[in-house]
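# Structural description and commentary
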Number of protein chains: 2
Amino acid sequence: MSKLCPTPALADVAKLAGVSTATVSRYLNDPNRVVEATRQRELKAVDRLGYTPNFAARVMAVKRSWTIGAIIPTMENAIFARGLQAFQEELHQHGYTVLVSSSAYDPELEAEKIRTLVAHDADGVLPIGHDRDPKIYKDLARRDIPVMNAWSFMAYTQIASVGFDNRAAMAELANRAIRLGHQRIGVISDITTGNERARLRIEGIRDAARQNGLSLSNLTILDPPYQIENGAEAFSKLMSQGIRPKVILCGNDVLAVGALHRARDMGLKVPKDVSVTGFDDIELARVAAPALTTVHVPHREMGRRAAAALVDMLENRTPGASTRLATHIVERQSLGPPAST
Amino acid sequence: MSKLCPTPALADVAKLAGVSTATVSRYLNDPNRVVEATRQRELKAVDRLGYTPNFAARVMAVKRSWTIGAIIPTMENAIFARGLQAFQEELHQHGYTVLVSSSAYDPELEAEKIRTLVAHDADGVLPIGHDRDPKIYKDLARRDIPVMNAWSFMAYTQIASVGFDNRAAMAELANRAIRLGHQRIGVISDITTGNERARLRIEGIRDAARQNGLSLSNLTILDPPYQIENGAEAFSKLMSQGIRPKVILCGNDVLAVGALHRARDMGLKVPKDVSVTGFDDIELARVAAPALTTVHVPHREMGRRAAAALVDMLENRTPGASTRLATHIVERQSLGPPAST
DNA sequence: ACCCAAAATGCAAGAGCTTACATTTCCACT
DNA sequence: AGTGGAAATGTAAGCTCTTGCATTTTGGGT
C-alpha cells in the first residue's frame, strides 16, 4: 500500500483521503476551510503517509517563500551572533525562517551569497553594512525584494538601515582617551574594504584627534583580518614603533582581546603601561583580563528592529524606515591615563 | 521592451534570444552543449534581462537541490564555527551550498529545523551529535536523505558519524588531573539533555575516577546552559561547597573561561589555588589568562571529513562510513597539582 | 417538501525549470 | 552533388503545489 511511497505528494494524500488535491491544499493551509469529516480523513491520510509539503512547489505556486536571508561577514566570532539570534526570534514570531550565509568579509563572495539567497526565493534580505556594488541593490530593487542593512545607521541613502553611528561612537571613545592625556594612538581596525563600519570608526578617531588639536601623524592604523591572533600580531607591530603608543583603540573586542593577550606576553601591564579598548561589548569583553573598556552596541535590539522593519516592509509594502540606535561607552579596566614616562 | 520584466524567466530569455527554452536551459547548465553563435545570443539575452534561474523551479524539475543543511546547537559561540567553516568550504568545492540552522540546544526546535531543511529539499543533513528522536532518523531514511552526525564518533549505530571519542578524551584529561594528585573534582558540564557528547564526557570523568580508585562522591557535577556567564556562576557554586574542589573540569572552553574569570574575581590563583580545564581548544583557550589546558578537537578536519563523506553518500549512494578522529590534550597553564593545604 | 444562498469541494490552469524523444542542421566523405 | 551520422535544437510532458472559477452539497426558512 501507499505507505511505501518514499516522498508522498499532495496527490497521494488526496487519493487516500478520497478528495481532490485542492481540498487537501486548503486543509493544509487552513483546516477550517474544510468540513469536520473531511478534516478527519485528511488528517489520517497525512500522517498515514507521513506527508510533508514540498517547499519548492509551494514557493513556485505562491511566489512567496517566507524565508529571509541574512548575510554576515563571519560566523567565527560572536559579534553578529546575538543580534542575529534576536533577528531570528523576531522573524520566527511572524512565521519567517531565516537562512544565514557568511561572506568571510569578501565582497565577491558576499555578492554570490546574496544571489544564492535570491535564487532561493528569499522574501527579504539583511546584509551587514552598506558598502557593496550598487548593482546588487539595483537587482534586488528590480525584483522588489526588501533589503534592510544592519549594524550601521546611514541617514542619506535609499536603503533602509537599522544601526548606530559608528563614527560618532568611536569618536566618543577616542575623545575620552585623548582627554585622559593620550597623544600617540595605535589603531587596530577591522578590515576596511567593503566595510564602511570599520572606515567610519577610523574616521571617528580622526575626528577626535582633530577636535583636540592632535596631529593625525600621531595615529598609526593597522587593519588585519578579524581574528584574535591577528589582534595580537598587530599589537606587536604597533609596539615595535619608535615611540610606542600608550593607547590602542581596536575596531572590535576580538581584536582587542588579542592585543590584551600579547601585552601580557610582553610583560606590559594594562592599563598602566598601555591602554586597550574594544568595540561591540560582546561577552568576551567582560571576561577578558583586565575587563575591556569598550563601546556597547545594542545587538539584540538591533536584530529585533531589523526583523520588525523587514516584516513591515514585506506585509505592508512600505518603503522601510531607518532607525538609529544609541551606543554608549562601557567603562571597565583597560583604559587609563598614560603613565608619565 | 522586456527590460522592464521584474523577474525574467527562462522563457523570456528564450524569446529574446530566439531559441527554445530547452536550448537556454542547456546553455545555462553547460555552455558547451550549444553552438558558439547561439551561446553569444543567449549570453546577451541573459544579461540584458538580468536573468537568474529560479531555484525552486529547478529543484522541482531535477529533484536535487545541491543544498545540504547543518543544524548546530548554537551559533553564539565559536565552538562549531571552525568545523562548520571547513564543512562549507569542502562542500562548496563540490558545488553544494550549506544552510545553517541553530537549535538553541532544544530538541523540539532541532526537530523542527530539520523538518524545515527537508522541506527546503536539502539533499543531505548534518546534525551535531546522535541523540534525537528515532522518528527523525526514520523519516530521513524513508526520504532517502543521507545523514551524517558530527562531533561524536559512535561505532555501533545505523547513522554514519565523524567525530571523536568524547568519553575517552575526557577520561584522559581527568586521569591526568587525578595523577597530579587531585581528589575532589568539580565538573561544569554542557547541557546534557539530548546531548550525548556532554554525557559521555561526564562518563569519562567517572571512568577515570573509578580507574584510580576514587569514590564517585568526590565528583560534583553541574550543567548550566552554555555561556561564559554560566561558567562563572557554576564556578561560584562549586566553590561554596564544604570542601572546595581543587580542580574544575569543564565541558568546554567557554564554560572554562567563565570559571577562570570568576576565579580571578574571587582572588583565586589558577592553577595554584584551583585548576581549571576546558574542552575543544578554540581560540579563546589560547588567549585566556592563564592559557587553558584543554582537549584539542580537530575541528577543521572533522568538518572536512563530514563534508567529504556526505558528498560520497550523495554521489555514489553509498551507505556512509564513520570516522573516528583523534584528540589530544593541550597542556597550557591552567592545570597543576593541588596545593598542599 | 422545496428553494436558495452559502459553504464545501472539484477542475484545471499555471508557476519556471529539465529532459526524453523527435526533428532539423551540419559537415566530412564518397 | 549526395549521403549518413553526429551535433544542435525544438517539443512537450512532468515535477508539486495553489487558486480562480465552476459545480455540488448543505441546511435554514417557508
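Residues numbered from 1 in each chain as written. Chains lettered and ligands numbered in written order. Predicted model: local features only at pLDDT ≥ 70, side-chain atom pairs only at ≥ 80, totals over all residues. Heavy atoms only, no water.

A few words on the interface of chain A and chain B. At the junction of the two partners, chain A supplies 50 residues and chain B supplies 50 residues. Run the count over chain A and chain B and you get two salt bridges. Here A:Glu229 and B:Arg286 are joined by a salt bridge, their closest N and O atoms 2.6 Å apart. Seen at the junction of chain A and chain B, the total is 18 residue pairs in polar contact (both at pLDDT 80 or more). Looking at the side of chain A that touches chain B, the elements with two or more residues in it are α4 (55-62), α5 (81-93), β2 (97-102), α6 (107-119), α10 (228-239), α11 (253-265) and α12 (283-287) of chain A. Ranked by residue count, the leading element in the side of chain A that touches chain B is α5(A), at six residues. Residues of the side of chain A that touches chain B, tallied by class, amount to 24 nonpolar, 14 polar and twelve charged. (Contact = heavy atoms within 4.5 Å. Salt bridge = Lys/Arg side-chain N within 4 Å of Asp/Glu carboxyl O. Polar contact = N/O pair within 3.5 Å; in protein donor to acceptor, adjacent residues only side chain to side chain. Helix = DSSP H or I, 4+ residues; strand = E, 2+ residues; numbered from the N terminus. Nonpolar A, V, L, I, M, F, W, Y, C, P; charged D, E, K, R; others polar.)

Residues and elements named next belong to chain A. Taking 1.5 Å of rise per residue, 13 residues should cover 18 Å, and α11 covers 18 Å from first to last C-alpha, within 8% of that figure. For α11, the buried fraction is high: eleven of the 13 residues fall into the buried class. Here α11 has its buried residues at Asp-253, Val-254, Leu-255, Ala-256, Val-257, Gly-258, Ala-259, Leu-260, His-261, Arg-262 and Ala-263. At the exit of α11 stands Gly-267, carrying a positive phi of roughly 75 degrees. (Expected span 1.5 Å × (residues − 1). Buried < 20%, exposed > 50% of the residue type's maximum accessible area, 1.4 Å probe, protein only.)

Let us now look at the sheet that holds strand β8 (residues 247-250) of chain A. Residues and elements named next belong to chain A. Across the sheet, which stays open at both edges, the four strands sit in the order β7-β6-β8-β9 with parallel pairing between neighbours. Lying at the two open borders of the sheet, with one neighbouring strand each, are β7 (219-222) and β9 (275-277). Across the sheet, the mean angle separating the axes of adjacent strands is 15 degrees when strand polarity is ignored. As paired strands, strand β6 (residues 185-188) and β7 are joined by four bridges and run parallel to one another. Bridged to Val-187 within β7 is Ile-221. Packing of α10 onto the sheet brings it into contact with β6, β7, β8 and β9, and relative to β6 it is tilted by some 155 degrees. Its contacts with the sheet place α11 against β6, β8 and β9, and it is angled at close to 160 degrees to β9. (Pairing = 2+ DSSP bridges. Axes fitted to C-alpha atoms, helices over the stretch in contact; angles between N-to-C directions.)

This part takes up the protein's contact with DNA strand C. The local shell around DNA strand C holds 24 residues, among which A:Thr38, B:Leu10, B:Ser25, B:Tyr51 and B:Arg58 are the closest. Backbone atoms, meaning sugar plus phosphate, form 62% of the atoms of DNA strand C positioned within 4 Å of the protein. Within the contact set of DNA strand C, a phosphate oxygen lies 2.7 Å away from a backbone nitrogen or oxygen of A:Ser20. If you list the elements that add at least two residues to the surface near DNA strand C, you get α2 (21-29) and α4 of chain A together with α2 (21-29) and α4 (55-62) of chain B. A per-class count over the surface near DNA strand C returns 14 nonpolar, six polar and four charged. (Near = heavy atom within 4 Å.)

This paragraph deals with the pattern of salt bridges. Counted by the stated rule, this structure contains 44 salt bridges over all chains. For the salt bridge of B:Arg132 with B:Glu110, the shortest nitrogen-to-oxygen distance reads 2.6 Å. Taken together, the residues B:Arg132 in the loop between β3 (124-127) and α7 (134-142) and B:Glu110 in helix α6 (residues 107-119) connect sequence positions 22 residues apart. Of the two residues, B:Arg132 and B:Glu110, both sit in the buried class. When salt bridges with common partners are traced through the structure, they connect A:Arg167, A:Glu203, A:Arg206, A:Asp207 and A:Arg210 into a single cluster.

It is worth spelling out the domain arrangement of chain A at this point. Residue and element names in this part refer to chain A. Along its sequence, chain A is organised into domain 1 (61-164 + 298-326) and domain 2 (166-297). Distance from the C-alpha centre of domain 1 to the C-alpha centre of domain 2: 29 Å. Counting residues at the interface gives 19 residues for domain 1, matched by 21 residues for domain 2. Each partner contributes to the roughly 1700 Å² buried at the junction of domain 1 and domain 2, and carbon and sulfur atoms together form 54% of this total. Among the residues of domain 1 in contact with domain 2, Tyr-105, Asp-131 and Phe-164 are the three that bury the most area, contributing 37% of the side total. (Domains from an automatic or database assignment. Buried area = accessible area lost by both parts, 1.4 Å probe.)

The full set close to DNA strand D counts 24 residues, and A:Leu10, A:Ser25, A:Tyr51, A:Arg58 and B:Thr38 are the nearest of them. Taking the atoms of DNA strand D that fall within 4 Å of the protein, sugar and phosphate contribute 62% of them. A distance of 2.8 Å separates a phosphate oxygen of DNA strand D from a polar atom in the backbone of B:Ser20. B:Thr38 places a side-chain nitrogen or oxygen 2.3 Å from a phosphate oxygen of DNA strand D. Counting residues per element, the ones that place at least two in the surface near DNA strand D are α2 and α4 of chain A together with α2 and α4 of chain B. Here the surface near DNA strand D is built from residues that sort into 14 nonpolar, six polar and four charged.

Further remarks concern the nonpolar core. A:Phe87, A:Phe235, A:Val276, B:Phe87 and B:Phe235 are the most contacted members of the largest nonpolar core, which totals 155 residues. Once you skip the residues sitting within four places of it in the chain, A:Phe87 turns out to touch A:Ile68, A:Ala70, A:Val98, A:Leu126, A:Gly303, A:Arg304, A:Ala306, A:Ala307 and A:Leu310. Formed by 28 residues, the second largest nonpolar core is a distinct cluster that contains B:Leu117, B:Leu140, B:Val147 and B:Ile159. (Core = buried A, V, L, I, M, F, W, Y, C linked by side-chain atoms within 4.5 Å.)

A word on the packing of aromatic side chains. Scanning the entire structure with this criterion turns up six aromatic pairs over all chains. The interplanar angle of 65 degrees and the centroid separation of 5.0 Å between the aromatic rings of A:Phe80 and A:Trp151 together place this pair among those described as edge-to-face. Taken together, the residues A:Phe80 in the loop between β1 (67-72) and α5 and A:Trp151 in the loop between β4 (148-150) and β5 (160-164) connect sequence positions 71 residues apart. According to the relative accessible area criterion, A:Phe80 is buried, its value standing at 3%. On the basis of relative accessibility, which here comes to 4%, the residue A:Trp151 falls in the buried class. Taken together, a centroid distance of 4.7 Å and an interplanar angle of 45 degrees make the contact between B:Trp66 and B:Tyr96 tilted. Of this pair, B:Trp66 sits in the loop between α4 and β1 (67-72) while B:Tyr96 sits in the loop between α5 (81-93) and β2 (97-102), and the two are 30 residues apart along the sequence. Overall, the relative accessible area of 34% leaves B:Trp66 in the partly exposed class. The positively charged end of A:Arg201 is found above the aromatic ring belonging to A:Phe279, 3.8 Å away from the centroid. (Phe/Tyr/Trp six-rings, centres within 6.5 Å; stacked < 30°, edge-to-face > 60°. Lys NZ or Arg CZ within 6 Å of the ring centre and 35° of its normal.)

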